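Analysis of the macromolecular model
Chain residues, written in single-letter form:
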Amino acid sequence: MELALTAEELLFQREVREFLDSGLKPEWRGVSDSDNRSQPEVTAQWQAVLATKGWLTPAWPAVHGGLGWSPMQHHIFKEECSKRRAPKLSSMSIGMIGPLICLYGTTAQQAYYLPRIISGNDVWCQGFSEPGSGSDLASLKTAARRDGDEYVVAGQKIWTTYAHYATHMFCLVRTNPLAARPQAGISMLLIDMKLPGITVRPIRTIDGEHHFNEVFFDDVRVPESCLLGAENQGWDVARSLLAFERSGIADVVATRQALHDVLAIAAGEARGNGSLLQDDDFGDRLARLEIALDALETFELRVMDAGPRCAGRAHDASILKILGSEVRQKIHMLGVEALGQVGAVWPDDAAPAHPSGAGRHLVQDALFFRAASIYGGANEIQRNIIAKSLLKSPVEI
Amino acid sequence: MEFSFTGIQSEFRATLRRFLNERGAPAAQAGEREMARRWRAEHWAELAELGALAALLPEDCDGLGGDSVDAIAMLDEIGRAQAGAPLIETAIVAAGLIGRLGSPAQKREFLPAIAAGRLKCAIADGGILAPGASGSSFELRALDNGAYRAQGRQALVTEAPDCDWLLVVCGGSLSALSVFFVKPGQAGARLQPFWTIDDRPAASLSLEAVALEAALRLGGVGEAGAALADVFDCAAVAQCAEAVGLMASLLNQTIAHLKTRTQFSQPLAEFQALQHRLVDMYAAYELSLSLTYKAAILSKQAATDDQRAAVSGAKVQTAEAARLIGHEAIQMHGAMGMSSELPVGRAVKRLKAMEPQYGLPSYHLRRYRALRRSHAV
Ligand SMILES: Cc1cc2nc3c(=O)[nH]c(=O)nc-3n(C[C@H](O)[C@H](O)[C@H](O)COP(=O)(O)OP(=O)(O)OC[C@H]3O[C@@H](n4cnc5c(N)ncnc54)[C@H](O)[C@@H]3O)c2cc1C
């Protein structure tokens, strides 16, 4: 057992640091570090710098621009980016649909879509959830009826993040309503958002922002060349997404940034003769969360290290998801508590700011990350998955 | 970075597991204290033969030169088997103090005997890790002729009734601690034996002007503080590993029970309310295991702030997880969980008895805070 990085990993870490110190402009840092204050113009510029360096798509297969990094190299890269609050790239484009097209796309689809994702020309959104189908996604109803060499899509998606910026949507649709199992009648379509018949309507969230939307399909005609994978195999295509992103699910580094913000706020908040940070009760609660975060960080490293040998431990990703979201939510809530009365005001220019400056967006973040235990497979569903693994298959404990 | 045990460590674990399974740890004889005590006495020599007592001792004193990762590999198995073998007191704390502070002659005298299973120690630390402690509860008195006497009391010293030597920590200030060997039967030393809830022998110890021999002092007078801090940290990590092993055992017992016990015409495993609570137990276990690994890895090298924070973090996390898992394991077993016939309750009691040792969770939480906040944020 060893925690230290190898000599090669240290060299790589230095290379990453040098690149970030020169390539990542100071004014880009932190502008969209938590999804909820995303600034697409900044993200696009950062994406271009990464693309020029060749580091935009390290996890893709080598033939499509991947770098064959080890899990540790990916981890180091993500960690260093996160530490410098680099803008978050669109996980839908780079993290999800890119790899799916590499895996399931035809040569023509790969030649068309992949360069456009890398150049930032195309930005994707994910059309899975529907009003009647959330956790029970396989019950989705948006229909795609074959008509000649086109699909005619009719129905509605909801909670579609960035549909208002996106040029394309990867969309799960029902192509066979009569299939024996609901999962068997689903296909994945790559839909151009400019096609006639698509309407995007914003839905505001409790943090006062506009992240997600309703998307209506009114007999939208989608060419059959936009089918990804085989017809009625869409469920398997979507499920293979789960395998890509095992590291980084828990977003430990970002949570550590949030913790540092809370420390800074508490250190500047007077209590008795000292600061809130020295207050026994508050300090103990914060330390407990910091210990939980340390534990989660090491657990994430263990999962990464076990990577290739982790057969039968698919539930690790679910544990990372649950703990990552829950620890983060608790840290945000403690931050809001530390802000005192300022924790109850919208952080706009007229409102009183917290002297530390660190609290400015914390309230919004705390509200937004309430969603972290809902999206990406709600935590209750993750608990179902882990329980099944513990109770139905022999997990070695 | 890597989290697997070496081939040798895994083999050693497997051997120890086989041994403990074959011998049937005293879990089977629930509540039979004397039987459990005999079991431990009988198998002490066998544990020594397996190398469990020598594992962490220096190689030039019949030891195998193992480190903190070897220690957790071993103690995890002790925990899983609910063996309650008092390895930590003798093979980690006593051996660690002798190794760090002892003269060459003392090392030659005591360490091979420990490795061979001929010598057991108990640690009377005078409560130096108690919250707010300013020193040991055993006072060190210098006489005019240069000799020393010890005076004081400690309410609970585990394994004291069964030990060959007491290692007594004396000194009224934390910066000037000394360690002496004292024979349990020595004039002025009084043991009041009793049992702890995990069926381990313990005693309160009072020392009335007990004569301390210079030859039985470990290191210089007042110079044991640093060694004690390091060795207690090693003990704390090892103890976390034993706790993690016990938690694994409780989880496995609970899973087996949920699968087999039927109510309302279905196995308990089908009830989602229980499933989700089981998942929380399991997550707490994985977090504890993770911090125990981290603390053990960092403890392979000399102490640093990061290493001490990791040890304290592991202690806090493990204690919290132990409470959750222990409580839920009993709950999910229903009335059966309350029966002294079942190993569940014994594991829960062992976890509870371990909690205050080598620093209460509250002590470690405060130490963690102090270490983390000593750097500018
Ligand atoms: C900020 C945000 C962004 C999102 N972005 C997108 C996006 O870009 N694209 C997209 O397709 N979707 C997106 N979603 C939707 C997200 O995938 C769904 O919210 C999620 O799948 C849960 O579905 P639901 O909201 O319909 O809740 P429901 O499925 O109705 O669940 C409601 C509650 O019941 C619980 N529950 C449901 N079933 C069970 C069960 N079997 N056992 C126990 N408890 C259960 C859930 O855990 C949850 O707590 C986003 C959601 C949020 C909050």
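Values in this document were obtained by computation on a predicted structure and should not be read as measured data. (Residues numbered from 1 in each chain as written. Chains lettered and ligands numbered in written order. Predicted model: local features only at pLDDT ≥ 70, side-chain atom pairs only at ≥ 80, totals over all residues. Heavy atoms only, no water.)

Remarks on the overall build of chain A
We count it as follows: Here a helix means four or more residues in a row that DSSP labels H or I, a strand means two or more in a row labelled E, and each is numbered from the N terminus. Contacts are residue-level and defined by heavy atoms, with any inter-residue pair within 4.5 Å sufficient. Here, Shrake-Rupley sampling with a 1.4 Å probe gives the accessible areas, and only protein chains in the shown set may cover a residue. Here the positive residues are Lys and Arg and the negative ones are Asp and Glu; neither His nor the chain ends is included. Charge positions come from single atoms, namely NZ of Lys, CZ of Arg, CG of Asp or CD of Glu.
Secondary structure summary: chain A contains twelve helices and ten strands in total. Summarising its shape, the C-alpha atoms of chain A cover approximately 80 × 50 × 50 Å along the three principal directions. Of the contacts formed within chain A by residues at least 6 apart in sequence, a portion of 70% connects residues at least 24 apart. Here chain A displays about 17,700 Å² of accessible surface, and carbon together with sulfur accounts for 55% of that area. One finds the centroid of the 39 positive side-chain charges in chain A at a distance of 3 Å from the centroid of its 48 negative side-chain charges.

Side note on the interface of chain B and chain A
The following threshold applies: By definition, the buried area sums, over both parts, the 1.4 Å-probe accessible area that each loses when the two are put together. When a carboxyl oxygen of Asp or Glu is within 4 Å of a side-chain nitrogen of Lys or Arg, the pair counts as a salt bridge. Any pair of N or O atoms that falls within 3.5 Å is considered a polar contact. Within protein, one atom must be able to donate a hydrogen and the other to accept it, and sequence-neighbouring residues count only if both atoms are side-chain atoms.
Between chain B and chain A, the residue contacts involve 45 residues of the former and 44 residues of the latter. Roughly 4,300 Å² of surface becomes buried between chain B and chain A when both sides are summed, with 63% attributable to carbon and sulfur atoms. The interface formed by chain B and chain A holds twelve salt bridges in total. In this structure, Asp294(A) engages Arg372(B) in a salt bridge whose closest nitrogen and oxygen atoms are separated by 3.3 Å. Here chain B and chain A share 27 residue pairs in polar contact (both at pLDDT 80 or more) between them. Where the side of chain B that touches chain A is concerned, the elements lending two or more residues are α3 (68-80), α6 (225-260), α7 (272-298), α8 (305-333) and α10 (361-373) of chain B.

Notes on the site of the ligand
Test applied: We define proximity as follows: a residue is near a molecule or strand when any one of its heavy atoms falls within 4 Å of that partner. Gly is put with the polar residues, along with every residue not named as nonpolar or charged; the nonpolar set is Ala, Val, Leu, Ile, Met, Phe, Trp, Tyr, Cys and Pro, and the charged set is Asp, Glu, Lys and Arg. For each domain, the first and last residues come from an automatic or database assignment.
Within the structure, the ligand sits among 17 residues, and Gln126(A), Ser135(A), Trp159(A), Thr161(A) and Glu380(A) are positioned closest to it. Around the ligand, the nearby residues trace back to chains A and B. Residue contributions to the shell around the ligand peak at three residues, all from helix α12 (residues 379-392) of chain A. Classifying every residue of the shell around the ligand gives eight nonpolar, eight polar and one charged. Among the domains, domain 2 (124-233) and domain 3 (250-390) of chain A are the pair contributing at least three residues each to the shell around the ligand.

Let's talk about the confidence of the model for chain B
The criterion, for reference: Confidence of the predictor at the level of single residues is given by pLDDT, which spans 0 to 100.
Residues at a pLDDT of 70 or more form 97% of chain B, whose mean pLDDT is 94. Here the prediction assigns the complex a pTM of 0.95, and the interface score ipTM is 0.95.

Section: the pairing of strand β7 (residues 210-223) of chain A
Residues and elements named next belong to chain A. Our working rule: One bridge is not enough; two strands pair if DSSP finds at least two bridges between them.
For strand β3 (residues 150-158) and β7, the ladder comprises eight bridges, and the chain directions are antiparallel. Paired with Ile158 across the bridge in β7 is Glu214. In terms of strand pairing, strand β6 (residues 198-204) meets β7 through seven bridges, oriented antiparallel. Looking across to β7, one finds that Ile203 is bridged to Phe212. Hairpin geometry of β6 and β7 is characterised by an intervening segment of five residues between the two adjacent antiparallel strands and by a positive phi of about 85 degrees at Gly208.

Considerations on the domain arrangement of chain B
Residues and elements named next belong to chain B. Taken as a whole, chain B is organised into domain 1 (7-115), domain 2 (121-218) and domain 3 (225-376). Spacing between the C-alpha centres of domain 1 and domain 3 amounts to 21 Å. Taken together, the contact pairs 23 residues of domain 1 with 35 residues of domain 3. The contact between domain 1 and domain 3 buries some 2,200 Å² in all, and 65% of this surface belongs to carbon and sulfur atoms. When the buried surface of domain 1 facing domain 3 is broken down by residue, Ile72, Gln82 and Arg100 rank first, second and third, together holding 25% of it. The interface formed by domain 1 and domain 3 contains one salt bridge. Across the pair Arg100 and Asp230 runs a salt bridge, and its minimum N-O distance is 2.6 Å. The interface formed by domain 1 and domain 3 includes six residue pairs in polar contact (both at pLDDT 80 or more). Only α3 and α4 (87-101) provide two or more residues apiece to the side of domain 1 that touches domain 3.

What to know about the sheet that holds strand β3 (residues 148-158) of chain B
All names here are of chain B. This is how the line gets drawn: Every angle, taken between N-to-C directions, lies between 0 and 180 degrees, and every axis is a line fitted to C-alpha atoms, over only the stretch in contact when it is a helix.
Ordered by their spatial adjacency, four strands build an open sheet running β2-β3-β7-β6, and the pairing between neighbours is antiparallel. Bordering the open sheet on either side are β2 (138-142) and β6 (189-195), each of which pairs with just one other strand. Taking each pair of neighbouring strands and ignoring which way they run, the sheet shows an average axis angle of 5 degrees. With seven bridges connecting them, β6 and strand β7 (residues 201-212) associate as antiparallel partners. Bridge pairing in β7 links Gln192 to Ser204.

Comments concerning the pairing of strand β2 (residues 143-147) of chain A
Residues and elements named next belong to chain A. Note that β2 and β3 share five bridges and pair antiparallel. Across the sheet, the residue bridging to Asp147 is Glu150, located in β3. The antiparallel hairpin formed by β2 and β3 contains two residues in its connecting segment, where Gly148 sits at a positive phi of about 65 degrees.

Describing the nonpolar core
In a soluble, globular protein the nonpolar side chains are often hidden away together inside. The line we're drawing: For our purposes a nonpolar core is just a set of buried Ala, Val, Leu, Ile, Met, Phe, Trp, Tyr and Cys residues, chained together by side-chain atoms within 4.5 Å. The rule is simple: take the accessible area with a 1.4 Å probe, protein chains only, and divide by the maximum for that residue type; under 20% is buried, over 50% is exposed, in between is partly exposed.
By size, the foremost hydrophobic cluster in this structure holds 218 residues, and its most contacted members are Ile97(A), Met188(A), Leu97(B) and Tyr285(B). Considering each element in turn, this core owes the most residues, 19 residues, to α6(B). With residues up to four places along the chain from it excluded, the contact list for Ile97(A) reads Met92(A), Ile117(A), Trp124(A), Phe170(A), Met188(A), Leu190(A) and Leu228(A). Listed in part, the 18 residues of the second largest apolar core include Ala122(B), Val168(B), Ala189(B) and Val210(B).

Concerning the environment of Leu360(B)
Residue and element names in this part refer to chain B. Looking at the element boundaries, Leu360 is found in the loop between α9 (343-354) and α10. Among the residues examined, Leu360 registers a relative accessible area of 29% and is labelled partly exposed. Sequence separation between Leu360 and Ala319 is 41 residues, and the spatial gap between their C-alpha atoms is 9.0 Å.

Focus: empty space enclosed by the protein
All names here are of chain B. Filter applied, for reference: Computed over the protein atoms alone on a 1 Å grid, cavities are sets of points where a 1.4 Å probe fits but cannot get out and pockets are open sets with protein on both sides within 12 Å along at least five of seven lines; a residue lines them when it has an atom within 4 Å of a point. Grid points are joined across faces, edges and corners, and a volume is the space filled by probe spheres set on the points.
Counted by the stated rule, this structure contains five cavities of 30 Å³ or more. Its volume calculated, the largest cavity comes out at about 140 Å³. Lining the largest cavity are 15 residues, and of these Gln82, Gly84, Asp198, Arg346 and Arg350 sit closest to its centre. For the lining of the largest cavity, the secondary structure elements donating two or more residues are α2 (33-50), α6 and α9.

Notes on a nonpolar patch on the surface
All names here are of chain A. We count it as follows: Think of a patch as exposed residues, more than 30% relative accessible area, with no salt bridge, where like charges cluster within 9 Å and nonpolar side chains (Val, Leu, Ile, Met, Phe, Trp, Tyr) cluster within 5 Å.
Together, Ile206, Trp346 and Leu367 give the surface a local cluster of nonpolar side chains, amounting to about 300 Å² of exposed area. One can find Leu367 in helix α11 (residues 362-368). The class of Leu367 is partly exposed, set by a relative accessible area of 30%.

Here's the deal with the domain arrangement of chain A
All names here are of chain A. Partitioning chain A into structural domains gives domain 1 (7-89), domain 2 (124-233) and domain 3 (250-390). If you average the C-alpha positions of domain 2 and of domain 3, the two centres end up 33 Å apart. When domain 2 packs against domain 3, the two sides together hide about 500 Å² of surface, and 65% of this comes from carbon and sulfur. The largest contributions to the domain 2 side of the interface with domain 3 come from Ser135, Ile206 and Asp207, which together make up 77% of the buried area.

Section: unusual backbone geometry
Residue and element names in this part refer to chain B. If you check the backbone angles, Phe264 has positive phi at about 50 degrees while not being a glycine. Residue Ser265 is not a glycine yet carries a positive backbone phi of 65 degrees. One can find Ser265 in the loop between β9 (262-263) and β10 (266-267).

Let's talk about the packing of aromatic side chains
What describes a pair of aromatic rings is the distance from one ring centre to the other and the angle between the planes of the rings. To be explicit about the condition: Between rings of Phe, Tyr and Trp, where Trp is taken as its six-membered ring, a pair exists when centres lie within 6.5 Å; planes separated by under 30 degrees are stacked, by over 60 edge-to-face, and by other angles tilted.
What the rule picks out here adds up to 23 aromatic pairs over all chains. Measuring from centroid to centroid gives 5.6 Å for Phe232(B) and Tyr358(B), while their planes differ by 70 degrees, and the two rings are edge-to-face. A residue pair is termed long-range when its members are at least 10 positions apart, and Phe232(B) in helix α6 and Tyr358(B) in the loop between α9 and α10 qualify at 126 residues. Exposure remark for Phe232(B): the relative accessible area of 3% places this residue in the buried category. Grouped by ring-pair contacts, the aromatic residues Phe12(A), Phe19(A), Trp28(A), Trp46(A), Trp55(A), Trp69(A) and Phe77(A) constitute a single cluster.

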